[in-house]
Amino acid sequence: MKYGHFDDSKREYVITNPRTPYPWINYLGCEDFFSIITNTAGGYSFYKDARLRRLTRYRYNNVPVDDGGKYFYINENGKVWSPGWKPVKTELDHYECRHGMGYSIVKGEVDQLEAEVTYMVPIGYKGEVQKIKLTNQSDRKRSFSLFSFVEWCLWDALDDGSNFQRNFSTGQVEIVDSTIYHKTEYRERRDHYAFYTVNEKIDGLDTDRDSFLGLYNGFDAPDAVTERQSRNSHAHGWSPIASHHLQIELEPGEEKQLVFVLGYVEVPVEDKFVENQVINKAPAEQMIAQFQTAADVDRAMDKLAKFWDDLLSVYQLEHPEEELNRAVNIWNQYQCMVTFNFSRSASFFESGIGRGMGFRDSNQDLIGFVHQVPDRARERIIDIASTQFEDGSAYHQYQPLTKKGNDAVGSNFNDDPLWLILAIDEYIKETGDWSILEEMVPFDNDESNTATLFEHMKRSFYHVVNNLGPHKLPLIGRADWNDCLNLNCHSETPGESFQTTENGEGGVAESVFIAGMFVLYGDAFEKLCLKLGKDKEAEVAAGHIADMKKVVDQHGWDGEWFIRAYDHYGEKVGSDEQEEGKIFIESQGMCIMAGIGLEDGRARKALDSVKERLDCEYGIVLNNPAFTKYIVKYGEISSYPEGYKENAGIFCHNNPWIMISETLAGNGDAAWDYFRKICPPYLEEISDLHKTEPYVYSQMIAGKDAQKPGEAKNSWLTGTAAWNFYAISQYILGIRPDFDGLKINPVIPGKWEGYKVTRKFRGATYKIEVTNPAFVSSGVKELFLNGAKLEGTVIPICEAGSENMVKVVMG
Ligand code: BGC
Ligand code: NOJ
């Protein structure tokens, strides 16, 4: 069953039934001001950091789900409704929510009165702008009240949700005309406040939640709205809100537009006040002046559309299947940008207070957006590397506001450092900007202790070399990519964190996954050294890589697949010898991507084992058989019931590793089959089972051992977005940035006739047409650049500004 449809011409998903199987959300903002918005106008806003600078309040895991947001209420002769259906839930004659690129439009209609609210964050603006268009489609005069509503969060979201003994006495606001200023804690150490305004004279307002709602009411029935009478309350402590009341009259056919702005302001400390208790409103007034009319909002919308035109134009596909086009051209790239902005911090499954920017996550996210915003990718690499320690190890995450490492979720995840090499390698291949390697970058954010980025990368490489275990495989540390395979954490205490407890010695448990990763990204490091003329450095690195390959051959192969790890007792993990968890996806993907076993048939064997044991109708599960009991020596993994998350869930993040591996083995049909299985637009028809948004990837789909196979969770913020874009764009469609040009190597289903891709690369545009006259899966027979036949499969870099025709004939 579907709950809406794609509108590709507008790059929107149009939800037409508000009762989606879960709130279906969108993200507004692309720089520092962000909002999360659901299809019924729920959600919240924050500046840079969802934990430390939360502007509006949101209650996670609430009943009913998704209560609280940026609400509008209409009361016409006692009939109360909201344009987004919630919170009032009066049946609407017509409902629609259009989630687009950086904006959402929520529209409701009751008795021929239509209310359409556009929510957006303009480019370069520290605020959310809401344009509400009210249209009287009837032939009688209408007179009704409109109420707005937002609830302020007292900035630190964690504290806001827990420290009530203090917080109920700190809330402060100021009111000037139609603008409500939220200034809690501004009197002391904060240099920021927020405001909510409307571009018209109002007939009343409220700033105290309980006065507006009535203490025993929910958001669905505020007293002020029911009675069409604002209380004109002035918040002192308790829960400050902002609500405007406007009485509106519309002639038959008449339309009226209003502009609301929710803004964030920072003021230099010396200018904070104009007089005692009176805040300096000049910067807010400047912001408000920018959005005085509906036309101002329309212009900002045009600018936003242009911004996305530019970003998405870098890679555009024309393929006979519209689902694939919309995934590649619109939603997958959009999701990559969202994961770039948020890492794993704030979604409907990430509360914004738990995790900041993940070291490994952000490095991997980068491969999905570096082509869109290379400058910001550069900055991101430097930010990440700045949190690295001198010995090459890393904090597992850093806080977006301060950009400093945060050890609340531990460190010593021994795969972390290597992901930095992936990010740097892909950045240089995309941009040709070798200068990044000469940047001086601090260790642990200490500006007095810096080294070149090249040196950071080298320390990532040697962190593995310096931390080998008994088999000379890399020590796993707290965990590798799989945060839940905690081989040094033997926890028997309820509630103890698997990620921060390390009560095993740490000197024995080893990871075959990191070994494969070392071969793969170590090789990238070696190639970068060669390109830089550091031949000696490259030679030494090559020696370490060759040694590691040998070790994987000796200790990493189980007979039909790659072993996953060795535990604290030196026993195999992910081997046929085990009763459960015989085979894991990660080491298959990583070792084969590293090229291990491609020449001697082991890769094929391992991929066949994946097909046989891990694949199912909805994707590839992480391990098999699923663990049916808690195994202390493995940590969190077996804490999950079978089929969920890291215990045999379809962890979509590493499905693309198998797709890529299949392409390396030349099997385009299998790669495509795996791609299509988890690609959201292809799942639209099973929305009621899948549950999460049909326009973005979810981290996890319940696996074959689960109660409800096919049901997804944890949508939006997942490395799945970047890896799938990488797999489809670079390995299946086969257009891969390289140091000296675009490498062309499609590996596709044999029945495909061809497709076209427009790729912008280093300033030039390439119009690439791939044809497959012999219906093969791989192999480039002929390659032409502007009519001239090329040797090899790399299109050289053309002049910036030029447009180039590329013909690829497979065969
Ligand atoms: C989840 C992992 C996650 C980890 C880190 C675990 O509970 O299953 O997917 O990476 O927490 O916080
Ligand atoms: C989600 C985490 O964000 C990511 O870093 C990790 O690799 C996966 N879970 C698997 O545990």
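A quick note: this is a predicted structure, and the numbers were derived from the prediction, not measured.

The helix and strand tally for the chain stands at 19 helices and 45 strands. Compactness check: the chain gives a C-alpha radius of gyration of 28 Å against a globular reference of 28 Å for 811 residues, within 12% of the reference. Each of the 811 residues in the chain was classed as buried or not, and the buried ones make up 64%. Residue pairs at least 24 apart in sequence account for 68% of intrachain contacts in the chain once pairs closer than 6 positions are excluded. Accessible area of the chain: about 28200 Å², with a carbon and sulfur share of 46%.

Of all eleven residues in helix α8 (residues 359–369), eleven are buried; the element is thus mostly enclosed. Taken residue by residue, α8 has Phe-359, Arg-360, Asp-361, Ser-362, Asn-363, Gln-364, Asp-365, Leu-366, Ile-367, Gly-368 and Phe-369 as its buried positions.

Right, let's talk about the site of ligand 1 for a bit. Around ligand 1 sit Arg-355, Asp-483, Cys-484, Gln-499, Glu-636, Tyr-640, Lys-645, Glu-646, Phe-651 and Gln-699, and those are all the residues in its vicinity. A distance of 2.6 Å separates an oxygen atom of ligand 1 from a polar side-chain atom of Tyr-640. In this structure, Glu-646 approaches ligand 1 through a side-chain N or O atom, which is 2.6 Å from an oxygen atom. The cavity that encloses ligand 1 is the second largest pocket. Partitioning the shell around ligand 1 into residue classes produces three nonpolar, two polar and five charged.

Here the largest pocket is characterised by a volume of approximately 830 Å³. Around the largest pocket sit 34 residues that line it, and Lys-429, Leu-520, Lys-527, Tyr-731 and Arg-736 are the ones nearest its centre. Of all the elements in the fold, those that place two or more residues in the lining of the largest pocket are α10 (416–431), α12 (512–531), α13 (535–555), α16 (655–664), α19 (720–732) and β38 (735–738). Tallying contributions element by element places α12 first for the lining of the largest pocket, with seven residues. Residues of the lining of the largest pocket, tallied by class, amount to 17 nonpolar, seven polar and ten charged. For the second largest pocket, the calculated volume is near 650 Å³. Of all the secondary structure elements, the ones that give two or more residues to the lining of the second largest pocket are α8 and β24 (395–398). Grouping the amino acids of the lining of the second largest pocket by side-chain chemistry returns six nonpolar, 14 polar and nine charged.

Attention shifts here to the site of ligand 2. Near ligand 2 you find Arg-344, Arg-355, Arg-360, Asp-361, Trp-481, Asn-482, Asp-483, Glu-646, Phe-651 and Gln-699, and these make up its full shell. The contact in question runs from an oxygen atom of ligand 2 to an N or O atom on the backbone of Asp-483, over 3.0 Å. A distance of 2.5 Å separates an oxygen atom of ligand 2 from a polar atom in the side chain of Glu-646. Taken by itself ligand 2 offers 290 Å² of open surface, and the protein chains cover 95% of this. With respect to the pocket detection grid, ligand 2 is positioned in the second largest pocket. Considered class by class, the residues forming the shell around ligand 2 number two nonpolar, two polar and six charged.

What follows concerns the packing of helix α11 (residues 453–465) against α12. Between two packed helices, both the angle of their axes relative to each other and the distance between the axes serve to describe the pair. In the contact formed by α11 and α12, the axes pass within 10 Å of each other and the chain directions differ by 145°. Seen from above, α11 lies across α12 with left-handed handedness. Contacts between α11 and α12 involve Phe-454, Met-457, Lys-458, Phe-461, Val-464 and Val-465 on the former and, on the latter, Ile-514, Phe-518, Gly-522, Phe-525, Leu-528 and Cys-529. For the contact of α11 with α12, the residue count by class is ten nonpolar, one polar and one charged.

What follows deals with the state of the cysteines. The final tally for this structure, using the stated rule, is zero disulfides. Counting only cysteine sulfurs, Cys-679 is the nearest neighbor of Cys-336, a cysteine outside any disulfide, at a range of 12 Å. Overall, the relative accessible area of 0% leaves Cys-336 in the buried class. Left without a disulfide partner, Cys-616 is nearest to the cysteine sulfur of Cys-652, which lies 10 Å away. For Cys-616, a relative accessible area of 12% puts it in the buried group.

This paragraph deals with helix α15 (residues 602–614). Given 3.6 residues to a turn, an α-helix orients residues that are three or four positions apart in the same direction. Its 13 residues give α15 an end-to-end C-alpha distance of 17 Å, which sits within 8% of 18 Å, the value for a rise of 1.5 Å per residue. Among the residues of α15, Arg-602, Ala-603, Ala-606, Leu-607, Ser-609, Val-610 and Leu-614 are the ones counted as buried. All buried residues of α15 project into a common sector of 155° when viewed along the axis, lining one side.

Side chains of Glu-390, Asp-391, Asp-444, Asp-446 and Glu-447 sit close together on the surface and give a patch of like negative charge. Structurally, Asp-444 is set in the loop between β26 (440–443) and β27 (446–452). Look at Asp-444 and you get partly exposed, because its relative accessible area is 32%.

This part covers the sheet that holds β38. One open sheet holds the three strands; their spatial order is β38-β39-β44, and the pairing between them is antiparallel. Edge positions in the sheet fall to β38 and β44 (794–796), since each has one partner strand and no second. Looking at each pair of strands side by side, their axes are set apart by 30° on average, direction ignored. Two strands pair when backbone bridges link them, and β38 and strand β39 (residues 741–744) are joined in this way by four bridges, in the antiparallel orientation. When the bridges of β39 are listed, Ile-735 appears paired with Ile-744.

The antiparallel open sheet is built from three strands, whose spatial order is β35-β36-β37. At either end of the open sheet lies a strand with only one pairing partner, and these are β35 (650–651) and β37 (712–715).

Here we take up the environment of Phe-562. Relative to the helices and strands, Phe-562 resides in the loop between α13 and β29 (565–566). For the pair formed by Phe-562 and Tyr-264, sequence separation is 298 residues and the distance between their alpha carbons is 52 Å. Not counting residues up to four positions away in its chain, the partners in contact with Phe-562 are Val-552, Gly-556, Trp-557, Gly-574, Ser-587, Gln-588, Cys-591, Ile-592, Ile-596, Arg-602 and Ala-606.

This part takes up the packing of aromatic side chains. Going through the model one piece at a time under the given rule, you end up with 63 aromatic pairs. Both rings, one in Tyr-44 and one in Phe-46, keep their centres 6.0 Å apart while their planes meet at 40°; by these two values the pair is tilted. The exposure classification of Tyr-44 matches that of Phe-46, with both residues buried. Taking the centre distance of 4.0 Å and the plane angle of 40° together, the rings of Phe-340 and Phe-369 count as tilted. You can see Phe-340 sitting in helix α7 (residues 322–342) and its partner Phe-369 sitting in helix α8, a full 29 residues away along the chain. Accessibility expressed as a relative area gives 0% for Phe-369, which makes it buried. In this arrangement the basic side chain of Lys-272 is found over the ring face of Tyr-186, its NZ or CZ atom lying 4.9 Å from the centre.

Summarising burial for strand β11 (residues 113–120): eight of the eight residues are buried, a large majority. On β11, burial covers both faces: Leu-113, Ala-115, Val-117 and Tyr-119 on one face and Glu-114, Glu-116, Thr-118 and Met-120 on the other are all buried. Summarising the sheet, strand β10 (residues 103–110) and β11 pair through eight bridges and their orientation is antiparallel. In the sheet register, Lys-107 faces β11, and the bridge partner there is Glu-116. The antiparallel pairing of β10 with β11 creates a hairpin that spans two residues between the two strands, and Asp-111 there sits at a positive phi of about 45°. Where β11 meets strand β12 (residues 127–136), eight bridges bridge the pair, whose relative direction is antiparallel. Considered in β12, the bridge of Ala-115 is made with Leu-134.

Quick notes on the rules
- Residues numbered from 1 in each chain as written.
- Chains lettered and ligands numbered in written order.
- Predicted model: local features only at pLDDT ≥ 70, side-chain atom pairs only at ≥ 80, totals over all residues.
- Heavy atoms only, no water.
- Helix = DSSP H or I, 4+ residues; strand = E, 2+ residues; numbered from the N terminus.
- Rg over C-alpha atoms; globule rule 2.2 N^0.38 Å.
- Buried < 20%, exposed > 50% of the residue type's maximum accessible area, 1.4 Å probe, protein only.
- Contact = heavy atoms within 4.5 Å.
- Areas by Shrake-Rupley, 256 points an atom, 1.4 Å probe, with all protein chains shown as cover.
- Near = heavy atom within 4 Å.
- Polar contact = N/O pair within 3.5 Å; in protein donor to acceptor, adjacent residues only side chain to side chain.
- 1 Å grid on protein atoms, 1.4 Å probe; cavity = no way out; pocket = protein on both sides within 12 Å on 5 of 7 lines; lining within 4 Å.
- Sits in = over half its atoms within 2 Å of the grid points.
- Nonpolar A, V, L, I, M, F, W, Y, C, P; charged D, E, K, R; others polar.
- Points joined across faces, edges and corners; volume = space filled by probe spheres on them.
- Axes fitted to C-alpha atoms, helices over the stretch in contact; angles between N-to-C directions.
- Left-handed = near helix turned anticlockwise from the far one by under 90°.
- Disulfide = S-S within 2.5 Å.
- Expected span 1.5 Å × (residues − 1).
- Arc of directions from axis to C-beta.
- Patch = residues over 30% accessible without salt bridge, like charges linked within 9 Å, V, L, I, M, F, W, Y side chains within 5 Å.
- Salt bridge = Lys/Arg side-chain N within 4 Å of Asp/Glu carboxyl O.
- Lys, Arg positive; Asp, Glu negative; His and termini not counted.
- Charge placed at Lys NZ, Arg CZ, Asp CG, Glu CD.
- Pairing = 2+ DSSP bridges.
- Phe/Tyr/Trp six-rings, centres within 6.5 Å; stacked < 30°, edge-to-face > 60°.
- Lys NZ or Arg CZ within 6 Å of the ring centre and 35° of its normal.

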